[in-house]
Amino acid sequence: TLCTLSSAVLDRVNPFHNTTTTCTDELLQQARSLFTHNSIMTYFQFANGLNPVVDGSWMLVPVRRVLDAVHKREICEDDVEIVRLALLWTVLLHDERPTVFSFANTNDIYVRLGEVLIIGPNILADDIIASCYSRILTEYILKAAVDGRLCLRMGSRIAGLDAFMPFFEDLLIHFEQYSLGNVGFARTLLIGAYLNAAITDRYVIFSLWSTDVSSQCCYP
């Protein structure tokens, strides 16, 4: 699970309740229904080994654990559910607790999102996951990249990986295998290639592209 949730009736305050606006966003409403309760204070306890101060993508750690698991076995419905919850939780934090993202690292979150795509086509077929993914990609990653805060150096450690290049190569392979023109997948690749603030490494990313891969990327 994402974290251990415990609750107590204290001051009857919901930490994710916006008292100034009434939200009609269905995605946020669904996230709230899972992680908050009316008229109670909700507490969140981080899992062992999880430290949001030093881990720039702590809210998406379950994605890496699912990816590690499906390398050893077939993907199951529990895996899809874990990824779905992780993304809903991330959307909720981003939209209603933006200060939490002061600890976030754009490079790490970019990699974690890419890992969602690598898990398998079952993930891409889930509507909630697709909606959450699109929101995080466009409202956080894309904006950060435009501001010059996405800096992907091919040989540097990133999000617990020894280097970025093997990860991006793996991402390209999976795009060719089963993306079927998935817009979110294509946008992820294009953002990494064209909006990377590390100019020299951007050219290296270009060199990884084949004619077949680039021709599949349609960015409407």
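Identification of the chain as Rab-GAP TBC domain-containing protein from Angiostrongylus costaricensis is taken from an unreviewed UniProt entry.

Right, let's get into the pattern of salt bridges. Opposite charge on two side chains permits them to pair, given that their charged atoms come into close proximity. The final tally for this structure, using the stated rule, is 10 salt bridges. Here Arg135 and Asp95 are joined by a salt bridge, their closest N and O atoms 3.2 Å apart. With Arg135 in helix 6 (residues 127–146) and Asp95 in helix 3 (residues 77–96), the pair connects residues that are 40 residues apart, well separated along the chain. With a relative accessible area of 16%, Arg135 lands in the buried category. Residue class for Asp95 comes out partly exposed when judged on its relative accessible area of 30%. Between Asp147 and Arg149 there is a salt bridge, and its shortest N-O distance comes to 3.9 Å. It is possible to trace a salt-bridge network through shared partners that takes in Glu77, Glu81, Arg84 and Asp126.

It is worth spelling out helix 8 (residues 183–194) at this point. In an α-helix, one turn spans 3.6 residues, which is why side chains three or four residues apart end up on the same side. End to end, helix 8 covers 16 Å across 12 residues, agreeing with the expected 16 Å (1.5 Å per residue, within 8%). Along helix 8, the positions that sit buried rather than exposed are Gly184, Phe185, Ala186, Arg187, Thr188, Leu189, Leu190, Ile191, Gly192 and Ala193. One side-chain oxygen of the residue at the start of helix 8 lies 3.1 Å from the amide nitrogen of Gly184, identifying that residue as Asn182.

Our focus in this paragraph is the side chain of Thr90. Relative to the helices and strands, Thr90 resides in helix 3. Setting aside anything within four residues of it in sequence, one finds Thr90 in contact with Met59, Leu60, Phe101 and Ile136.

Further remarks concern the environment of Arg73. You can see Arg73 is positioned in the loop between helix 2 (61–70) and helix 3. Note on Arg73: relative accessible area 38%, which makes it partly exposed. Here the side chain of Arg73 touches Asp79 through a polar contact of 2.7 Å, side chain to side chain.

The subject of this paragraph is the packing of helix 6 against helix 8. The geometry of helix 6 relative to helix 8 is characterised by a closest axis approach of 11 Å and an angle of 15° between their N-to-C directions. With respect to each other, helix 6 and helix 8 are oriented roughly parallel. Considering how the two elements wind past one another, helix 6 and helix 8 form a crossing that is left-handed. Touching Tyr133, Ser134, Leu137, Thr138, Ile141, Leu142 and Ala145 of helix 6 are Gly184, Arg187, Thr188 and Ile191, all from helix 8. Considering only residue class, the contact of helix 6 with helix 8 consists of 6 nonpolar, 4 polar and 1 charged.

So, on to unusual backbone geometry. Of note in this structure, Ala159 is not a glycine but carries a positive phi near 50°. Its place among the elements puts Ala159 in the loop between helix 6 and helix 7 (164–178). Residue Ala159 is classed as buried on the basis of its relative accessible area, which comes to 8%.

As a further point, take helix 4 (residues 106–119). In this model, helix 4 (14 residues) spans 20 Å end to end at C-alpha, consistent with the 20 Å of a helix rising 1.5 Å per residue. Here helix 4 lies mainly inside the structure; 14 of its 14 residues are buried. The distance from a side-chain oxygen at the start of helix 4 to the backbone nitrogen of Asn107 is 2.9 Å, and the residue carrying that oxygen is Asn105. The positive-phi residue at the C-terminal boundary of helix 4 is Gly120, with phi of around 150°.

The rules we used
Residues numbered from 1 in each chain as written. Predicted model: local features only at pLDDT ≥ 70, side-chain atom pairs only at ≥ 80, totals over all residues. Heavy atoms only, no water. Salt bridge = Lys/Arg side-chain N within 4 Å of Asp/Glu carboxyl O. Helix = DSSP H or I, 4+ residues; strand = E, 2+ residues; numbered from the N terminus. Buried < 20%, exposed > 50% of the residue type's maximum accessible area, 1.4 Å probe, protein only. Expected span 1.5 Å × (residues − 1). Polar contact = N/O pair within 3.5 Å; in protein donor to acceptor, adjacent residues only side chain to side chain. Contact = heavy atoms within 4.5 Å. Axes fitted to C-alpha atoms, helices over the stretch in contact; angles between N-to-C directions. Parallel < 35°, antiparallel > 145°, perpendicular 65-115°, else oblique. Left-handed = near helix turned anticlockwise from the far one by under 90°. Nonpolar A, V, L, I, M, F, W, Y, C, P; charged D, E, K, R; others polar.

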